[in-house]
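Summary of structural features
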Amino acid sequence: MPQGQQRLQARRADFPALRQTVHGRPLIYLDHASTSQKPQVVLDRLLSAYVERCGNVHRAVHWLSQAATHDVEAVRDKVRGLLGAPSRDEVIFTRGTTESVNLVAHSLGEQRIGPGDEVIVTTLEHHSNFVPWQVLCQTRGARLIVAPLLPTGQLDLDALGRLLSPRTKLVACTHASNVTGTVVDVRAVCRLAQQVGALTLIDGAQAVPHLPVDVQALGCDFYCFSGHKLLGPWGVGVLWGRSELLATMPPCQTGGGMVSTVRAEMTEFQPPPQRFEAGTPAVAEIIALGAAIDYLHEVGIEAIAQQEAWLLAETLPRLRAVDGLRLLVAEGPQVPVISFVMDGVHPHDLGTALDLEGIAVRAGLHCAEPLFSALGVHGSVRASLSFYNTIEEVDALCAAIRQVSKLLR
Ligand code: PMP
């Protein structure tokens, strides 16, 4: 392992959860795609936000409220920087990717999507970026189209190009698959969509934790991610949207915090982002997300991407060498998310047996049933890595798979 990379691996000491034992074994956590572990600085910030900033935001004149408001708004700037967004007012705090997608589907759907229109999703989508569009199309009389994959497992951009037409109102596409880890050329997707005047929403839930992201370079209209997969707390996520679009979109939820004037006969709404943030937000969680973003910068987003690329390159051949194991990986760029199936062994059985060895992986359909249907596979075991995972942990995974497959097959 190159020396600079040892520095990143040493970072595992920052994650108290990794010191646990599970079923009497040291925990090997390989389920980062579900939720990441949290560094101590994030946990400290979460607690200190509740202790030192427990005032409601955007409301009171008292010090606690003002301090909490200041800290929450500072995180909006951090997210703007993380995504390379032009303006802080384009950053909307949500509960996570799912809520971000639903927000756009409801708001845009009401405004722009009707009978005869089409929405395109891809075969790679997580249910969170599939079902809201399907339901929207059903309720608005529009058509949902699912863009196919190439035999390589990558999104078929030529086929997508052929599916696009002036009827296409929006293309919803993942940046990285939560099953195969394949990184989609979303810049190309956005360029194709733009040619027919379609809007684009990119699901960055599996990309932001692993790759530098620049929404302006990608050329998308909306981008979303979840804080809990990015070393941050649960209950907070982000929707970024282009200001020209957000400015004309109706709110999804109404109530306090998003209005400028309320009278019996009519209500005026605030401009974005407040228009889309009705009610009290997850104050402490947003503040702690800011600590997670600071931590990422401190470790180095490029350094994380490089370390994980190295880890992935070391892991893939080790898993391929396990007898009877078939990897569901695509050609081309990939984040460290690796799905596999073992001949004759149900993924849940393999996942449970690995758990007994202290190894946390995910087993099942990973909320991506359309992809599994397309692959003709009934689920997989998924190991998803982070920059501080070690090759020894990967070796332990391979050894455990070999051992349990002898018993299960
Ligand atoms: N999209 C992708 C690609 C995901 O991996 C996930 C979480 N597994 C989601 C969306 C949904 O994220 P959340 O549950 O945090 O809203």
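Going by the structure above, here's the rest.
Since the structure is predicted, the reported quantities are computational estimates derived from the model, not experimental observations.

Conventions used here
Residues numbered from 1 in each chain as written. Predicted model: local features only at pLDDT ≥ 70, side-chain atom pairs only at ≥ 80, totals over all residues. Heavy atoms only, no water. Pairing = 2+ DSSP bridges. Helix = DSSP H or I, 4+ residues; strand = E, 2+ residues; numbered from the N terminus. Axes fitted to C-alpha atoms, helices over the stretch in contact; angles between N-to-C directions. Near = heavy atom within 4 Å. Polar contact = N/O pair within 3.5 Å; in protein donor to acceptor, adjacent residues only side chain to side chain. Areas by Shrake-Rupley, 256 points an atom, 1.4 Å probe, with all protein chains shown as cover. Nonpolar A, V, L, I, M, F, W, Y, C, P; charged D, E, K, R; others polar. Salt bridge = Lys/Arg side-chain N within 4 Å of Asp/Glu carboxyl O. Buried < 20%, exposed > 50% of the residue type's maximum accessible area, 1.4 Å probe, protein only.

In space, the seven strands of this open sheet follow the order β4-β10-β9-β8-β7-β5-β6, with mixed pairing throughout. This sheet does not close on itself; its edge strands, each paired only once, are β4 (91-94) and β6 (143-147). Between one strand and the next, the sheet's axes are offset by a mean angle of 20°, whatever the strand orientation. With three bridges joining them, strand β5 (residues 118-122) and strand β7 (residues 168-174) adopt parallel strand pairing. The partner of Val119 across the bridge, within β7, is Leu170.

Here we come to the site of the ligand. Every residue close to the ligand is listed here: Thr97, Thr98, His126, Ser128, Thr174, Asn178, Asp203, Ala205, Gln206, Ser226, His228 and Lys229. In the model, an oxygen atom of the ligand is placed 2.6 Å from a nitrogen or oxygen of the Thr98 side chain. Look at the ligand: alone it shows 400 Å² of surface, and the protein chains cover 87% of it. Considering only residue class, the shell around the ligand consists of one nonpolar, nine polar and two charged.

Under the criterion given, the structure shown has 20 salt bridges. Here Arg382 ties to Asp31 by a salt bridge, and the two come within 3.3 Å at their closest N and O atoms. On the criterion of sequence distance, the pair formed by Arg382 in strand β17 (residues 380-384) and Asp31 in the loop between β3 (28-29) and α2 (40-52) is long-range, its members being 351 residues apart. Given the relative accessible area of 12%, Asp31 is considered buried. Its salt-bridge partner being Asp117, residue Lys169 comes within 3.4 Å of it at the nearest N-O pair. Of this pair, Lys169 sits in strand β7 while Asp117 sits in the loop between α4 (97-112) and β5, placing them 52 residues apart in sequence. Residue Asp117 is classed as buried on the basis of its relative accessible area, which comes to 13%.

This paragraph deals with the sheet that holds β17. Hydrogen bonds along the backbone pair up the strands of a sheet, which may run parallel or antiparallel. Judged by pairing direction, the sheet is antiparallel, and its four strands sit side by side in the order β13-β14-β17-β16 without closing on themselves. Sheet topology places β13 (325-327) and β16 (362-364) at the edges, where each strand pairs with a single neighbour. Neighbour-to-neighbour, the strand axes of this sheet turn through a mean angle of 30°, independent of strand direction. Bridge analysis of β13 against strand β14 (residues 337-342) gives three bridges, and the strand direction is antiparallel. Along β14, the bridge assignment pairs Leu325 with Met342.

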